[in-house]
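A structural walkthrough
Each chain is listed here by its residues.
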Amino acid sequence: MTTTLYLLRRVLQALAVVLIVTIVVFCLLHALPGGPARGVLGVSATPAQIAAFNQAQGLDQPLPVQYVRFLGRLLTGDLGTSYTLNEPVGQLIVERLPKTLVLTGISAVLGLVIAIPVGMWQAARRNGAVDYAATALAFVFYSTPAFFLGLVLIIVFSQQLPWLPSQAPGGNTLAEVFQDPAGLVLPVVTGALAMIAVFSRYMRASTLENLQEDYVRTARAGGASTSAILRRHVFRNSLTPVIAMLGYYLPVLFGGALVTEQLFNYPGMGLLFWNAAQSSDYPTLLGCVLVISIATVVGTLLADVAQSLIDPRVKASRA
Amino acid sequence: MSKPRRWALLTGAAIAVSALLAGCSGGGNASSGSGSDEINYALPANFTPNWILPIGTAAHLNTNNGSIAQSLYEPLVAYDGSTGKIAWNKAGSVATDAEFAEDGTSVTMTLGDRHWSDGEPITSRDVEFWFNLIKANKDQWGSYSEGKAPDNWTSFEAVDDTHFTITFDKAYNPDWMLANQLSHIIPLPQHAWDKTSASAEVTDADRSTAGAKQVWKVLNTAAGKIADYASDDLWKTISGPYGVESFSTAGRVTLTANPEYDGGEEAGIGTVNLLPFTSADAEVNAVRSGEVDYGYINATDMDQESSFTQKGYEVEPWTGWAITYMPYNFNNPDMGAVFEQLYARQAVQMSIDQESLAKVVFNGTATPTFGPVPQAQESDYVSDVQRDNPYPFSTKKAKQLLTSHGWTMQGDTMVCTDPGTSGSQCGEGVAEGTEFTMQVLSQSGSTVTDNMMSAIQSSLAKTGIGFTIKTAPVSSVLSQTPTCTSDEASCDWDLSFFGTAGSWYFPAYPTGESLFQTAGSANFGSYSNEEVDALIDATTTSTDPTKVQDYSAALAEDLPVIWLPSPDYQISVVKQGLTGFDQDSLANFHPAQWKWSK
């Protein structure tokens, strides 16, 4: 199968998955008892106001009709208007998604830049003092809940040593976010530490596995130094499982880090999704689900493609 | 790499990181403090301001949006708690006088000599504009309740530019009419807003129903564009002490003093920053870091009160004009008949130790409430019966009450063993073998609420009443516990709790037509009592002030719901030096009253 055909097939599969996800979520939402009107309008809403809300939102129509209307609007790029935030859902996503990508993206890049060499270093010096120390630290950060880690950072760097603000930048655009880089430090570090803990373990395990391979023994027999073997041969091969993991991490990048956003007062996608679920804000929930499901299938696709580029054996297995 | 070189690199990296941290410091929201002309106010967690038009749908007209709108557009009658007691705050009102006809069927109001920010006078025509818009669009107005304003206002007549008369459909209690009905009116700039499209000329379109509907649509459409609040000329004509400097769709709002304001509540601080927070924890962190001048803490933080005072804050609980309760579902097919028995409701109420809940679970930040009138504030509306708690906590007496009405303890639960309608039997509709067990669908997300429910479960168990707890987000609780009839599938709920922040906030005059009148819009449990209905009617129509007390006493005794402690609206932390205001128990904030002491 050619790469183009393979990609075409995967894209069609992805579209089908996204469609199925929207149907399932749509049905689940509307299966909830009571509907959203009372929750949105509040305790004091009258039956007439609830009926007017249901009519205005089309919630008085049969479920298939509502879904077809949703799809029809979707084709024109209209995701509806948030019940609670008084803004088009598309606009909300356009505002929140870049902020989330900045926060989670910087955390991921920082985490990887540190985790990959640390993992390789540990593997190269396995069972040494450095390996034990790094492993212990990784376990500490891996097992520490993000909210606690963030809280500790806030207490130390915002309250005890007032070097950094306890809140992430409050701006609504990327330009405003970058005007306050200090505000990004603590949330980025919180996210990156967890990332380092996870990916350094993967990289260590993957490197150790590769160091046992025949080609490493052959290279050693040929007189190559350990650092040369690591750089030229093991590094690339060890990345394969890490890249697969990164593909699965993409939805997290898009979906936002709820805990970090809550703790550092940074309204991103995670919080948008969470609040929409809490307040029965159906249009916003569906919009978020759409973004996250697209990110999931794209992430998986990218991981597969990247793996096949790095590792010819993967490409061969698809042929 | 040699060792010295490696150490040099590490040292360099450490210096670079330190320099970065040092260079980064100072970002974020710097707190203002005494001597400043700016203040940072923390909005409630998870609230994003999204409306400034003082008229709109129920989804938009919440308390905090209302407080922002009232800073821009001063109400006709500001009837609130901003002066330390719930009363007409004339300094913050456009009207200066209200004269009711002796027969209670009309009111003539006088406007002050006031001007819009563009220099035009505020006249009776601006009030008529509001009146016409609301009359024509009442179904979409968030404050509308059938039979109340504007249904009970039959005509509006402008006497002259500063006097007008509103006629009612019958005689009303003037206090109730002023506090709960006329207080809705907010004069709107007719000379700038009376347009049937965004580009149309200003006319008298509001004087026809069709025209008023078009104007409503134009205004509401414009109000939907949050990003334009600071730039759209529509929002430049204001009557309040502040105007919008910026209004971010992310929720941050900056208000600046209106230099043309000529009312009695001139802004005490030039710039007011209203800050949104994604969670209460994020807000408390900002308080601890000194980034907020007027914020809040959790009830569970009261143990660390001194840590906030050491940081320069005063901790000031903000009580709400509210009650907190759990409605019974009287139409539940299984338990409805039990709930109908007054002795059963008495046994439940006597099993709840409000004093201990308020003291221990709420850390002293809640007030025991024994009836339908708020008790956190001194008021003439509370009856002696309610104040004195007709059903003090005693699981022993509660148990006796049940056993003397045909119930027997079997295992850990009371079971009806003597059905029938005589005074010593279980009561009408209660079948033999009925177990006294109830399930509450309770609001999730609050440790304090979870602890309160567990404590109630424990004390009800001592009486032999089974109590199971199910939790859901508040929107789900409200959706899943609707008013229902016993044949509906949705009527399977026993008890509902949506009062983590107080179940019901009253307008100034605490009557119960929505809550406890038969078919009241928020009478979720379908409580019905003809005598109470008559008393509620009397509170709105009679000029006798004791009628509210009669209503208070009747419901304290009849227990239409389970009365619970009412939590404070907010545990405020206020920077030392911020003075000049009382916290409004109607839960509004009034930035114009805030001042920094020199």
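Residues numbered from 1 in each chain as written. Chains lettered and ligands numbered in written order. Predicted model: local features only at pLDDT ≥ 70, side-chain atom pairs only at ≥ 80, totals over all residues.

1. Describing the sheet that holds strand β5 (residues 106–111) of chain B
All names here are of chain B. In space, the four strands of this open sheet follow the order β4-β5-β7-β6, with antiparallel pairing throughout. Strands at the two margins of the open sheet, each flanked by one partner only, are β4 (95–100) and β6 (153–160). On average, adjacent strands in this sheet sit at an angle of 20° to one another, irrespective of strand direction. In terms of strand pairing, β5 meets strand β7 (residues 163–168) through five bridges, oriented antiparallel. What sits directly across from T110, in β7, is H163. The sheet contacts of helix α3 (residues 124–136) involve β5, β6 and β7, and relative to β6 the element is tilted by about 165°. (Pairing = 2+ DSSP bridges. Helix = DSSP H or I, 4+ residues; strand = E, 2+ residues; numbered from the N terminus. Axes fitted to C-alpha atoms, helices over the stretch in contact; angles between N-to-C directions. Contact = placed C-beta atoms within 7 Å.)

2. Examining the nonpolar core
Membership of the largest hydrophobic core comes to 228 residues, with the highest contact counts inside it found for B:I52, B:V77, B:W130 and B:L133. When residues in this core are grouped by element, the largest group, 13 residues, is from helix α9 (residues 181–211) of chain A. Filtering out sequence-adjacent residues up to four positions away, B:I52 remains in contact with B:I68, B:A69, B:L72, B:A223, B:Y229, B:W235 and B:V244. Grouped together as the second largest cluster of nonpolar side chains are ten residues, A:I50, A:Y83, B:A58 and B:L61 included. (Core = buried A, V, L, I, M, F, W, Y, C linked by C-beta atoms within 7 Å. Buried ≥ 20, exposed ≤ 12 C-beta atoms within 10 Å, placed from the backbone.)

3. Side note on unusual backbone geometry
All names here are of chain B. Going from A149 to P150, the amide bond is cis rather than trans, its omega being 5°. Relative to the helices and strands, P150 resides in the loop between α3 and β6. Positive phi, normally seen in glycine, also occurs at S526, with a value near 60°. Structurally, the position occupied by S526 is in the loop between β20 (504–505) and α16 (530–541). A residue is classified by how many C-beta atoms lie within 10 Å of it, and S526, with 20 of them, is buried. In this structure, L559 is a non-glycine residue whose phi angle is positive, near 55°.

4. Some thoughts on the environment of B:W193
Residue and element names in this part refer to chain B. Residue placement: W193 occurs in helix α5 (residues 190–193). Residues W193 and F100, spaced 93 residues apart in sequence, show a C-alpha to C-alpha distance of 30 Å. When residues no more than four places from it in sequence are discounted, the contact partners of W193 are L188, L219 and L234.

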